[in-house]
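Single-letter residue listing:
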Amino acid sequence: MDFYVVANWKMNGSKALCAEFEAGLANIKTDKKIIIAPPFGYLSQFSNLTTAGQNCSQHDSGAYTGEVSATMLAELGAKYVILGHSERRQYFNEDNQLINAKIKQALANGLTPIICVGESLEEYESGKTKTRLKNDLSECLDGIEADIIIAYEPLWAIGTGKTPTLDEISTTHDYIKSLYNYAVLYGGSVKPSNASEISAITNVNGLLVGGASLELESFKSLF
Ligand code: PGA
């Protein structure tokens, strides 16, 4: 199975950063699949690297001011789209039903969705991680048969510098794999100091990286 390293730039970056990554990663020798998810306005700045959107609309087209469709992402060269990121769930009220509709749009336009799921700190502390993941995945993936990618991102690990233990990541990835035979990425405070030990875990098929993906040297040291 392929191993993915996905840079989620969130609402960060510039034309200059796109150019630096394009040049800096163009001839890199790696057997890993490197994917850059810049804000969608910058997708057209990439021609060598594989790109992803960070979100797409559940609609095809129409009067939805401020939205971007899966068709547009595909036209701008994206091959993947991150959907259901916890920041979308938290700040833009996205729920599993909406994410399910977005997944269908993405697939209809030839994009591979990267679906994010993760438990809250309270759920983690009370042993409810598996229940939360099973529920979110079954609702998000209702009626979906196509090959997609899952990203396990504990909410309390995103941007906090905290991560589950390697054993916990391993157990959770094994669990997700027992439910769905898709690639499962880990995300949440991945950085140069922990990337190789997390990547070495069986059933970790890639990394979804926020903060540490914003600087070329730091990103390169993750793979
Ligand atoms: P982080 O973000 O690497 O900054 O924790 C990961 C993510 O939100 O995808």
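Look above for the structure.
Residue indices begin from 1 for each chain and proceed along its sequence in written order. Whole-chain, interface and lining totals are the exception, using all residues; otherwise, since this is a predicted model, local features are given only for residues with pLDDT of at least 70 and side-chain atom pairs are given and counted only at 80 or more. Side-chain descriptors were evaluated using all non-hydrogen atoms of the structure, hydrogens and water having been removed beforehand.

Caption draft 1: Representation of the overall build of the chain within the structure. Think of it this way: any DSSP run of H or I at least four residues long counts as a helix, any run of E at least two long counts as a strand, and we number them from the N terminus. Tallying secondary structure elements over the chain gives nine helices and eight strands in all. This radius of gyration counts C-alpha atoms alone. The globule rule is 2.2 Å times how many residues there are, raised to the power 0.38. Over its C-alpha trace the chain gives a radius of gyration of 16 Å, about what one expects of a compact globule, namely 17 Å for 223 residues. In terms of its C-alpha atoms, the chain occupies a principal-axis envelope of roughly 45 × 40 × 30 Å. Exposure is judged per residue with a 1.4 Å probe applied to protein chains only, and the accessible area is read against the type maximum: over 50% gives exposed, under 20% gives buried, and values in between give partly exposed. Taking all 223 residues of the chain together, 49% fall into the buried category. Considering only residue pairs separated by 6 or more positions, the chain has 72% of its internal contacts joining residues 24 or more positions apart. Positive charge is attributed to Lys and Arg, negative charge to Asp and Glu, and no charge count is given to His or to the chain ends. Here the site of a charge means NZ on Lys, CZ on Arg, CG on Asp, or CD on Glu. The average position of the 18 basic charges and that of the 26 acidic charges among the side chains of the chain differ by 2 Å. Whether two residues are in contact is decided by their heavy atoms, any of which lying within 4.5 Å being enough.

Caption draft 2: How the structure looks around helix α4 (residues 96-108). What a helix is expected to span follows from its residue count: subtract one and scale by 1.5 Å. Helix length check: α4, at 13 residues, gives a terminal C-alpha distance of 18 Å against a target of 18 Å (1.5 Å per residue), a fit within 8%. Along α4, the positions that sit buried rather than exposed are Asn96, Ile99, Asn100, Lys102, Ile103, Gln105 and Ala106. Buried residues along α4 sit against α2 (70-75), β4 (80-83), α3 (86-91), β5 (112-117) and α6 (129-140).

Caption draft 3: Seen up close, the site of the ligand. A single heavy atom is enough: if one lies within 4 Å of a molecule or strand, its residue is considered near that molecule or strand. With respect to spatial proximity, 13 residues lie near the ligand, and among them Lys10, His85, Glu153, Gly159 and Ser189 are the closest. Interatomic distance of 2.6 Å between a side-chain N/O atom of Glu153 and an oxygen atom of the ligand. Each accessible area is a Shrake-Rupley estimate made with a 1.4 Å probe; only the visible protein chains count as cover when residues are assessed. Contact with the protein chains covers 95% of the free accessible surface of the ligand, which is 280 Å². In this structure the site holding the ligand corresponds to the second largest pocket. When the residues that make up the shell around the ligand are grouped by side-chain class, the tally is four nonpolar, seven polar and two charged. A 3.5 Å cut-off defines polar contacts: any pair of N or O atoms within that distance qualifies, except that in protein one atom must be a possible hydrogen donor and the other a possible acceptor, and neighbouring residues in sequence count only when both atoms are side-chain atoms. Cavity and pocket criteria rest on a 1 Å grid covering protein atoms alone: a 1.4 Å probe that fits but cannot get out defines a cavity, protein on both sides within 12 Å along at least 5 of 7 lines defines an open pocket, and an atom within 4 Å of a point defines a lining residue. In this description, a molecule resides in a pocket or cavity if more than half of its atoms sit within 2 Å of the grid points defining it. Residue classes follow a fixed rule: Ala, Val, Leu, Ile, Met, Phe, Trp, Tyr, Cys and Pro count as nonpolar, while Asp, Glu, Lys and Arg count as charged, and any other residue, Gly among them, counts as polar.

Caption draft 4: Representation of the pattern of salt bridges within the structure. One side-chain nitrogen of Lys or Arg within 4 Å of one carboxyl oxygen of Asp or Glu is enough to make a salt bridge. Enumeration according to the criterion identifies eight salt bridges in this entry. The salt bridge partner of Glu94 is Arg88, with a shortest N-O separation of 3.0 Å. Of the two residues, Glu94 and Arg88, both sit in the buried class. Between Glu217 and Lys220 there is a salt bridge, and its shortest N-O distance comes to 3.5 Å.

Caption draft 5: Just unusual backbone geometry, in detail. The phi torsion at Lys10 lies on the positive side, around 55°, for a residue other than glycine. Assignment of secondary structure puts Lys10 in the loop between β1 (4-8) and α1 (15-25). If you check the backbone angles, Asn93 has positive phi at about 55° while not being a glycine. Residue position: Asn93 is located in the loop between α3 and α4.

Caption draft 6: A look at the state of the cysteines. When the sulfur atoms of two cysteines come within 2.5 Å, that pair is taken as a disulfide. Tallied over the full model, the rule gives zero disulfides. Free of any disulfide, Cys116 has its nearest cysteine sulfur in Cys140, 9.5 Å distant. On the accessibility criterion, Cys140 (0% relative accessible area) is buried.

Caption draft 7: Layout of the nonpolar core. Only buried residues count toward a nonpolar core. Its members are Ala, Val, Leu, Ile, Met, Phe, Trp, Tyr and Cys residues joined through side-chain atoms within 4.5 Å. Counting residues in hydrophobic clusters, the biggest one holds 53 residues, and the most contacted among them are Phe21, Ile36, Leu141, Ile150 and Phe219. Ranked by residues supplied to this core, first place goes to α1 with four residues. Setting aside residues no more than four positions away along its own chain, Ile150 makes contact with Ile115, Val117, Leu137, Leu141, Ile176, Tyr180, Tyr182, Ala183, Val184 and Leu185. Core analysis: the next-biggest nonpolar cluster, separate from the first, contains 14 residues, Val6, Ile35, Ala37 and Tyr80 among them.

Caption draft 8: Geometry of the pairing of strand β2 (residues 33-37). With four of five residues buried, β2 lies mostly within the body of the structure. Each pair of strands is called paired provided DSSP finds at least two bridges between the two strands. The sheet contact formed by β1 and β2 spans five bridges and is parallel. Across the sheet, Val6 pairs through a bridge with Ile35, a residue of β2. The definition of a right-handed crossover adopted here requires that, viewed with the strands pointing away, the path from the first strand over the helix to the second runs clockwise. Tracing the backbone out of β1, into α1 and back to the parallel element β2 gives a crossover that is right-handed. Alignment of β2 against strand β3 (residues 50-53), held across two bridges, turns out to be parallel. Along β3, the bridge assignment pairs Ile35 with Thr50.

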